[in-house]
Amino acid sequence: MQHPEPIQQEIDLDSKRYIVSKTDPKGIIEYGNDYFVEISGYSEAELMGQPHSIIRHPDMPKVVFKMMWDRINQAQNIMAVVKNLAKDGSYYWVITEFEPKVDPITNKIISHTAFIKAAPKKAVEAVEPLYAKLLEIENNGGMQASEKYLRGLLEEKNMTYDEFINNIVGNKGIFKIFFTMMKKLFS
């Protein structure tokens, strides 16, 4: 399936609704709740069996996805601020927390579930210039160069990636409770 041409039209997400999607270990979509289908603009049939990257916006630096896949493939949770691309070319910003599911017998990852909520404006304002910089570095020096830049930035801030994201999204209080409840509901 061909990616749509991005347009400068933001989809305003309902802060009271959530998106849930589930993929196999390779990122192939196995499930998406009704809100995921609605916001993405694809039909459920169009989404099932497709790589989750079908909604990847070209403004997203590859290093962010590399970092996410590195972590979830080690059965570690990770939260990220992500700009997604809808079928019509519009975009929407989300906070995504990934939960890998591990087979209790083989100890191998059998699926990944993404719990997704509208990104707060302050989080978008914090990551947009960073993502633009990482993308510029990737375009000139490759993904390794952008990863080195991100590591340097985090070292300068004396923060881990998780601390940086938790700080900009306000991952505490009701926000943290939301992700905890979604995990219990869908895990």
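Look a little higher up for the structure.
Note that the structure is a prediction, hence the values are computed from the model and not measured. (Residues numbered from 1 in each chain as written. Predicted model: local features only at pLDDT ≥ 70, side-chain atom pairs only at ≥ 80, totals over all residues. Heavy atoms only, no water.)

J.: Looking at this structure, I do not really get the pattern of salt bridges. What am I missing?
T.: Here the structure, examined in full by the defined rule, presents eight salt bridges. The partner of Glu46 in a salt bridge is Lys87, and the shortest N-O contact between them spans 2.7 Å. Residue Glu46 is found in helix 2 (residues 44–47), and its partner Lys87 is found in the loop between strand 3 (78–85) and strand 4 (91–102); the two are separated by 41 residues along the sequence. The exposure class of Glu46 is partly exposed, given its relative accessible area of 23%. Salt-bridge contacts for Asp70 lead to Lys66; the nearest nitrogen and oxygen are separated by 2.6 Å. Of this pair, Asp70 and Lys66 both sit in helix 3 (residues 62–72), separated by four residues, roughly a single helical turn. (Salt bridge = Lys/Arg side-chain N within 4 Å of Asp/Glu carboxyl O. Helix = DSSP H or I, 4+ residues; strand = E, 2+ residues; numbered from the N terminus. Buried < 20%, exposed > 50% of the residue type's maximum accessible area, 1.4 Å probe, protein only.)

J.: Which parts of the structure should I look at to understand the environment of Gln2?
T.: Tracing the backbone shows Gln2 in the segment before strand 1 (19–23). The spatial distance from the C-alpha of Gln2 to the C-alpha of Lys87 is 9.7 Å, given a sequence separation of 85 residues.

J.: I tried to follow the pairing of strand 5 (residues 109–118) on my own but got confused; where do I start?
T.: Regular strands show a simple pattern: their side chains alternate between the two faces of the sheet. Most of strand 5 is tucked away: nine of the ten residues are buried. Across five bridges, the pairing between strand 1 and strand 5 is antiparallel. Residue Ile19 lies in a different strand from strand 5, and its bridge partner there is Ile116. Looking at chain direction, strand 4 and strand 5 are connected through nine bridges and run antiparallel. Across the sheet, the residue bridging to Lys101 is Ser111, located in strand 5. Between strand 4 and strand 5, which follow one another and run antiparallel, lie six residues, and Asn107 among them has a positive phi close to 65°. (Pairing = 2+ DSSP bridges.)

J.: Honestly, the nonpolar core in this entry has me stumped. Any pointers?
T.: For soluble globular proteins, the rule of thumb is that nonpolar side chains tend to be buried together. If you look at the biggest cluster of nonpolar residues, it comprises 49 residues, and the most contacted ones within it are Val81, Tyr92 and Tyr131. Going through the elements one at a time, helix 1 (34–40), helix 3, strand 3, strand 4, strand 5, helix 4 (121–141), helix 5 (143–157) and helix 6 (161–169) are the ones with two or more residues in this core. Not counting residues within four places of it along the chain, the set of residues in contact with Tyr131 comprises Asp59, Met60, Pro61, Val64, Val81 and Trp93. (Core = buried A, V, L, I, M, F, W, Y, C linked by side-chain atoms within 4.5 Å. Contact = heavy atoms within 4.5 Å.)

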